[in-house]
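# Chain and residue survey
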Amino acid sequence: RQIRLDQIDDVMAQAVQELVQRTTLQWTKLAKKATPRDTSNLVNGWKTDIKKFKGTIINNVEYAEPVIYGTSLPPSWQGRYRTRKQTIKGFPELQAKQLTTQYIPKELRKIIRSM
């Protein structure tokens, strides 16, 4: 497909918006898959917020921070990070790095080819 010079801005903006949406949804999927499932509360606590050029995933469940990041540990954990499912603390950041290096370049190529 040939794109006129004056169309590049619009085409790239559209591609980036699509990429943000796909990446945010993929990240949510990965986060839910990696979240311990003692109850469904923590898994269902993941919320996706997609704006024009920004995607965010958050989990506001009360105990999400200690389970997901290993911070603000409850006294019953006696200062040690531990979960029943051998969760890797900080897994959302690890997933973000994987998305950045592998998923995003591949998806961007797909999006541009389909335009």
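Below, the structure is looked at part by part. (Residues numbered from 1 in each chain as written. Predicted model: local features only at pLDDT ≥ 70, side-chain atom pairs only at ≥ 80, totals over all residues. Heavy atoms only, no water.)

## Description of the pattern of salt bridges
Summed over the entire model, instances satisfying the criterion amount to five salt bridges. One salt bridge in this structure joins R22 and E18, with 2.8 Å as the shortest N-O distance. Note that R22 and E18 are positioned in helix α1 (residues 8-34) at a spacing of four residues, about one turn of the helix. Classification of E18 by relative accessible area gives partly exposed; the value is 29%. Linking E107 and R22 is a salt bridge whose minimum nitrogen-to-oxygen distance equals 2.9 Å. On the criterion of sequence distance, the pair formed by E107 in helix α4 (residues 91-114) and R22 in helix α1 is long-range, its members being 85 residues apart. With relative accessibility at 26%, the residue R22 sits in the partly exposed group. Taken together, the salt bridges that share partners define one network made up of E18, R22, E107 and K110. (Salt bridge = Lys/Arg side-chain N within 4 Å of Asp/Glu carboxyl O. Helix = DSSP H or I, 4+ residues; strand = E, 2+ residues; numbered from the N terminus. Buried < 20%, exposed > 50% of the residue type's maximum accessible area, 1.4 Å probe, protein only.)

## Thoughts on unusual backbone geometry
Phi at S72 is positive, roughly 50°, even though this residue is not glycine. Tracing the chain through its elements places S72 in the loop between α3 (64-69) and α4. Assessed through its relative accessible area of 52%, S72 is described here as exposed. The backbone phi angle of Q78 is positive, close to 50°, even though this residue is not glycine. Within the element layout of this structure, Q78 appears in the loop between α3 and α4. A relative accessible area of 62% places Q78 in the exposed class.

## Considerations on the pairing of strand β1 (residues 46-50)
Pairing between β1 and strand β2 (residues 55-59): five bridges, direction antiparallel. Bridge pairing in β2 links I50 to G55. (Pairing = 2+ DSSP bridges.)

## Description of α4
With 24 residues, α4 should reach 34 Å at 1.5 Å per residue; the first-to-last C-alpha distance of 32 Å fits that figure. Within α4, burial applies to F91, P92, Q95, L99, Y103, E107 and I111. Those residues of α4 that are buried lie in contact with α1, β1 and α3. (Expected span 1.5 Å × (residues − 1). Contact = heavy atoms within 4.5 Å.)

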